[in-house]
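# A structural walkthrough
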Amino acid sequence: MTRPDDGPLNDIVEAAGYPPGAGVPQRDYDPRLTNEDLAPLKEQKWTSYNFFAFWMSDVHSVGGYVTAGSLFMLGLTTWQVFIALIAGIMIVQALANLIAKPSQKAGVPYPVISRASFGVLGANIPAIIRGLIAVAWYGVQTFLAAGSLSIVLLKIWPGLADIAGDDTSFLGLSYLGYISFTILWCAQAFVFWRGMEAIRAFIDFCGPAVYVVMVVLCGYMLYRADFDISMNLSDHELSGWATLGAMCSAIALVVSYFSGPTLNFGDFSRYGKSYEAVKRGNFLGLPVNFTFFALLVVLTAAATVPVFGELITDPVHTVERIDTWTAVLLGGLTFVIATVGINIVANFISPAFDFSNVAPQKISWRMGGMIAAAGSVLLTPWNWYDNADAIFWTLGLLGALIGPLYGILIADYYLVRQEKVVVDDLFTLEEDGEYFYTKGYNPAAVYTVAATGVVAILSVVVPKLTGTLSALPDYSFFVGAILSGLVYIALAKQFGVAGYGSAATKVEETA
């Protein structure tokens, strides 16, 4: 693998500001495909703890808590929800390990490694799709965190209640909601703008800090409930095959929730010192960390029934109901920090690389991130992500769009190319480049994502509109990923993608 040395970069327009990865473009890399944000890294420094902290920030959020709590609505008991959460996160770990390897070995982010399967220009297709998804999800997470901040602001300045009601709303959000949303929007932009090292330091702090508050909250709720909680929190009971089906749906929803950060995990695994360090961090941050998180979610939610007389699956509302001013203040601020952490790592960095990949010389990493931040406001997430049904719709469509992109990349790297990649050819528009294909597009990948993407989306929309096959939308990620992998392999053979190049020296194994 080529690790370019320092040298004059007269033909490269460098991205503005401190680069997130300090990549060093080669003199002969095509400037239409390169800037120092996208080029292979010269140094890879992240340890297992950094990836552990990454997943802690990804898991410990209001969105993650609410999603986990919404599984009770499927009719599952507490222990069944717990098992489903653990099974789902183990699948996420396996998927993250698969997606991490090519980017870690090549030292490039997700949109660049996608050039191997989609073509050097065709990679803009998955980049734009993933970037737009991140824009929507960024708005959702900021909205959820804004709810926590509003509670804190109301405790400090009770007079703000005059602008917190529906009678003082605009486009579906109260004036106080706009104030909270704006504060968080600016705070996230500030952290992001300082660069990847600042982001790493921030997420290294967020995960452990949130754990402290979650443990205290759980202990407090159990104490208030006299440690007498019910393990059945559903309003309707299931039995037999219906229970198994509901658990499988819950597992699939967990995978769909994490499908976004899993797909673009290469944006982070590229910084890993080694693939083994990445896998250790994934193990600690996913099954180990999530088991504890799931236990806290289940116990805290169960305790809300005897304490408040109703099931509350939103930690913000749980904190709000506590009559201790200090608890509300610290708890609310902590959940704000937690959600800011996941938003930056999952929904700010991803579109930053994705949009930069579309036009490297015009869109820097920072500009790409700010495009996503601006777009998130225009989507007004508070109007479509405010109930359990909306959550299932969102996760279903999210999985449907991401599944095909995941399946194609994995099938191409592991099965078609046998874990081999020509790193330098990811940055050339020369027709003899390994990934130029047909005018820069791999027809096998383009046809696959178009066909299987439609099928995956229909697997969500048709059942929702017709009332048939009601469980199918929960599996949209698996439908898209498995179907796209099979179709891509067939088309890759037809279009001759499996050939590794005429000269043995062109192909370099990265395993």
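Residues numbered from 1 in each chain as written. Predicted model: local features only at pLDDT ≥ 70, side-chain atom pairs only at ≥ 80, totals over all residues. Heavy atoms only, no water.

## Quick notes on the overall build of the protein
Along the protein, the regular secondary structure elements total 18 helices and two strands. A burial count over the protein gives 59% of its 511 residues as buried. For the protein, the proportion of contacts with a sequence separation of at least 24, taken over those separated by at least 6, is 82%. About 19200 Å² of surface is accessible on the protein, with carbon and sulfur atoms providing 65% of the total. (Helix = DSSP H or I, 4+ residues; strand = E, 2+ residues; numbered from the N terminus. Buried < 20%, exposed > 50% of the residue type's maximum accessible area, 1.4 Å probe, protein only. Contact = heavy atoms within 4.5 Å. Areas by Shrake-Rupley, 256 points an atom, 1.4 Å probe, with all protein chains shown as cover.)

## Some remarks on unusual backbone geometry
Even without glycine at this site, E419 takes up a positive phi of about 65°. Tracing the backbone through its elements, the reader meets E419 in the loop between helix 16 (388-416) and helix 17 (443-466). Phi is positive for Y437, which is not a glycine, with a value near 50°. The topology assignment puts Y437 in the loop between helix 16 and helix 17.

## Considerations on a nonpolar patch on the surface
Among the surface-exposed residues, I128, L132 and V358 lie close enough to one another that they form a single nonpolar patch of about 230 Å² accessible area. Relative to the elements of secondary structure, I128 occurs in helix 6 (residues 124-156). For I128, a relative accessible area of 36% translates into the label partly exposed. (Patch = residues over 30% accessible without salt bridge, like charges linked within 9 Å, V, L, I, M, F, W, Y side chains within 5 Å. Salt bridge = Lys/Arg side-chain N within 4 Å of Asp/Glu carboxyl O.)

## Here's the deal with helix 18 (residues 476-495)
The end-to-end C-alpha distance of helix 18 is 27 Å, a good match for the 28 Å that 20 residues give at a rise of 1.5 Å each. Once helix 18 finishes, G496 follows within two positions and takes phi at roughly 75°, a positive value. (Expected span 1.5 Å × (residues − 1).)

## Regarding the environment of E310
If you trace the backbone, E310 turns up in the loop between helix 12 (275-308) and helix 13 (315-321). Looking at E310, the relative accessible area reads 40%, which means it is partly exposed. In contact with E310, not counting residues within four places along its chain, are T304, V305 and R321. Here the side chain of E310 touches R321 through a polar contact of 2.8 Å, side chain to side chain. (Polar contact = N/O pair within 3.5 Å; in protein donor to acceptor, adjacent residues only side chain to side chain.)

## Side note on the side chain of Q104
Relative to the assigned elements, Q104 resides in helix 3 (residues 78-106). Under the relative-accessibility criterion, Q104 is labelled buried at 4%. With residues near it in sequence (within four places) discarded, Q104 still touches Q44, S269, R270, G272, K273, S274, Y275 and V278.

## Some details on helix 1 (residues 48-59)
With twelve residues, helix 1 extends 17 Å between its outermost C-alpha atoms, agreeing within 8% with the 16 Å of an ideal straight helix rising 1.5 Å per residue. Within helix 1, ten of the twelve residues are buried, leaving the element largely enclosed by the surrounding structure. If you check which residues of helix 1 are buried, you get S48, N50, F51, A53, F54, W55, M56, S57, D58 and V59.

## Overview of the packing of helix 1 against helix 14 (residues 325-358)
At a minimum axis separation of 7 Å, helix 1 and helix 14 run at an interaxial angle of 115°. Crossing geometry of helix 1 relative to helix 14 is assigned as left-handed. Between helix 1, through F54, S57 and D58, and helix 14, the contact on the second element is made entirely by A338, G341, I342, V345 and A346. Taken together, the residues of the contact of helix 1 with helix 14 sort by class into five nonpolar, two polar and one charged. (Axes fitted to C-alpha atoms, helices over the stretch in contact; angles between N-to-C directions. Left-handed = near helix turned anticlockwise from the far one by under 90°. Nonpolar A, V, L, I, M, F, W, Y, C, P; charged D, E, K, R; others polar.)

## Some thoughts on the pattern of salt bridges
Applying the stated criterion across every chain, the model contains seven salt bridges. Here R417 makes a salt bridge to D412, at a shortest N to O gap of 3.4 Å. In this structure D412 comes out as buried when scored by relative accessible area, which is 2%. Residues E434 and R417 are paired through a salt bridge, measuring 3.3 Å at the closest nitrogen-oxygen approach. Of the two residues, E434 sits in the loop between helix 16 and helix 17 while R417 sits in the loop between helix 16 and helix 17, which places them 17 residues apart along the sequence. Accessibility assignment for this pair places E434 and R417 in one class, buried.

## Notes on the side chain of N35
Its location among the elements puts N35 in the segment before helix 1. Classification of N35 as buried rests on a relative accessible area of 0%. Separated by 2.9 Å, the side chain of N35 and the backbone oxygen of P360 make a polar contact.

## Comments concerning the environment of Y385
Inspection of the secondary structure puts Y385 in the loop between helix 15 (365-378) and helix 16. Overall, the relative accessible area of 5% leaves Y385 in the buried class. The spacing of Y385 and Q141 is 244 residues in sequence and 9.9 Å in space, taken between C-alpha atoms.

## Re the packing of aromatic side chains
Across all of its chains, the model carries 23 aromatic pairs by this definition. Between the aromatic rings of F54 and F265, the centroid separation amounts to 5.5 Å while the plane-to-plane angle is 45°, which identifies the pairing as tilted. With F54 in helix 1 and F265 in the loop between helix 10 (259-263) and helix 11 (266-269), the pair connects residues that are 211 residues apart, well separated along the chain. You'll find F54 and F265 in the same group, each marked buried. Clustering of aromatic rings is evident, with ring pairs tying together W46, F51, F54, W55, F265, F268 and Y271. Here R270 stacks its cationic end above the ring of Y271, 5.3 Å away from the centre of that ring. It is R366 that lies over the ring of W193; its NZ or CZ is 5.3 Å from the centre. (Phe/Tyr/Trp six-rings, centres within 6.5 Å; stacked < 30°, edge-to-face > 60°. Lys NZ or Arg CZ within 6 Å of the ring centre and 35° of its normal.)

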